Amino acid sequence: MSINGSTRHANAVRDPFRSMSKAKKPTKKPKEAPAIQLGEHSRYQIKSGWLAGTFVARAFPKPPTKARGMIAEATGATEEAAITALHEIIDAREDRRTDERRKDTQNGVDVPSVEEYVEAIRQIALSGPQCAMLTALSLAEEDGLKDAQMANAAGYKSKASANRSLVAAGLLIAEYLSVESHADDAPGAPEGAALLGFRGATANEEETGNWILHPELRQAVRQVL
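Residues numbered from 1 in each chain as written. Predicted model: local features only at pLDDT ≥ 70, side-chain atom pairs only at ≥ 80, totals over all residues. Heavy atoms only, no water.

Caption draft 1: Inspection of unusual backbone geometry at higher detail. With a phi close to 55°, Ser42 is a non-glycine residue in the positive phi region. Assignment of secondary structure puts Ser42 in the loop between β1 (37–41) and β2 (44–51). A relative accessible area of 43% places Ser42 in the partly exposed class. With a phi close to 55°, Ser178 is a non-glycine residue in the positive phi region. Considering the arrangement of structural elements, one finds Ser178 in the loop between α6 (159–177) and β7 (197–199). Accessibility expressed as a relative area gives 58% for Ser178, which makes it exposed. (Helix = DSSP H or I, 4+ residues; strand = E, 2+ residues; numbered from the N terminus. Buried < 20%, exposed > 50% of the residue type's maximum accessible area, 1.4 Å probe, protein only.)

Caption draft 2: The arrangement of the packing of aromatic side chains in detail. Scanning the model with the defined rule gives 1 aromatic pair in all. Relative to Phe55, the ring of Trp50 lies with its centre 4.8 Å away and its plane at 75°, an arrangement referred to as edge-to-face. In this structure, Arg43 is placed above the aromatic ring of Tyr176, and the distance from its NZ or CZ to the ring centre is 5.0 Å. The ring of Phe60 carries the charged tip of Lys47 above its face, separated from the ring centre by 5.1 Å. (Phe/Tyr/Trp six-rings, centres within 6.5 Å; stacked < 30°, edge-to-face > 60°. Lys NZ or Arg CZ within 6 Å of the ring centre and 35° of its normal.)

Caption draft 3: The pairing of β1, seen in detail. Direction of pairing for β1 relative to β2: antiparallel, over a ladder of 5 bridges. Among the inter-strand pairings, Gln37 is bridged to a residue of β2, identified as Ser48. Hairpin remark: β1 followed by β2, antiparallel, with 2 residues in the connecting loop; positive phi at Ser42, about 55°. (Pairing = 2+ DSSP bridges.)

Caption draft 4: Here's a closer look at the sheet that holds strand β4 (residues 72–76). Strand order across the open sheet formed by 4 strands is β1-β2-β3-β4, with antiparallel pairing between neighbours. Edge positions in the sheet fall to β1 and β4, since each has one partner strand and no second. Averaged over neighbouring strand pairs, the angle between their axes works out to 25° when direction is ignored. With 5 bridges connecting them, strand β3 (residues 54–61) and β4 associate as antiparallel partners. (Axes fitted to C-alpha atoms, helices over the stretch in contact; angles between N-to-C directions.)

Caption draft 5: Structural view of the pattern of salt bridges. Scanning the model with the defined rule gives 16 salt bridges in all. Glu141 is the partner of Arg222 in a salt bridge, and the nearest nitrogen-oxygen pair spans 2.5 Å. Taken together, the positions of Arg222 in helix α7 (residues 215–224) and Glu141 in the loop between α4 (128–139) and α5 (147–154) put the pair 81 residues apart, joining distant regions of the chain. Among the charged side chains, a salt-bridge network with shared partners connects Arg43, Arg93, Glu94, Arg96, Arg97, Glu100, Glu115 and Glu119. (Salt bridge = Lys/Arg side-chain N within 4 Å of Asp/Glu carboxyl O.)

Caption draft 6: Geometry of the nonpolar core. Counting residues in hydrophobic clusters, the biggest one holds 45 residues, and the most contacted among them are Leu86, Leu166, Ile173 and Leu217. Those residues in contact with Leu217 that lie beyond four places of it in its chain are Tyr117, Ile121, Leu134 and Leu196. (Core = buried A, V, L, I, M, F, W, Y, C linked by side-chain atoms within 4.5 Å. Contact = heavy atoms within 4.5 Å.)

Caption draft 7: Region of interest: the pairing of β2. Summarising the sheet, β2 and β3 pair through 8 bridges and their orientation is antiparallel. Residue pairing in the sheet places Lys47 in a bridge with Arg58 of β3. Hairpin connection from β2 to β3: 2 residues lie between these consecutive antiparallel strands, with Ala52 at a positive phi of about 50°.

Caption draft 8: Quick peek at the environment of Ala151. Take Ala151: it is sitting in helix α5. In the structure, Ala151 is positioned 15 residues away from Leu166 in sequence and 9.8 Å away in space, judged by C-alpha atoms.

Caption draft 9: Region of the structure containing α6. Between its first and last C-alpha, α6 extends 27 Å over 19 residues, near the 27 Å set by a 1.5 Å rise per residue. Within α6, the full set of buried residues consists of Ala162, Asn163, Ser165, Leu166, Val167, Ala169, Gly170, Ile173, Ala174, Tyr176 and Leu177. Lining the buried residues of α6 we find β2, α3 (114–123), α4, α5, β7 and β8 (211–213). A positive backbone phi angle near 55° is found at Ser178, which sits one or two residues after α6. (Expected span 1.5 Å × (residues − 1).)

In structure tokens form, the structure reads like this:
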């Protein structure tokens, strides 16, 4: 008996933790994810925060648009640096677009690129009739449409209503792109119309020319609508 007792005592001395239960490691409280900061710059919503080991700032279409997709992205050593870098990218992008606009010889307006028109159409709130008119005009190519044809395509009972709706669409695009909506060379044209297109030539001054969309807008409409 004494030998067994001595053996147990010796084992306990050699391994003092054998009879003790393993201590549980304290549960670490998970770190809360850094809050995403929201801001605005130009016509875009800015989201910034800590992502994948760095500070990131991204530009997105500004609500309440239904458009999705990232416009631009920048990183930085701090969140403020990332946001500043993103602002510079956006400003440079806007300057490039402005410089690349084509001067239209028909009405003197600076015509946005296909890229700009696509972005604008995706983000502004065009009505069903406005979309119908733009689609019909894009399919008409360089021939354009008479006022009555355009009104029929959109379901309007009068040519005047169709024209007012079309001009309103032009104003929406102009406002979004921050483009002058009037034409210096066509003072009689309603504001907003010049950004969409121009009137075709007629045999005499008493006739009203067809509505013809700018080629850039025709291509953009086909991509989006």
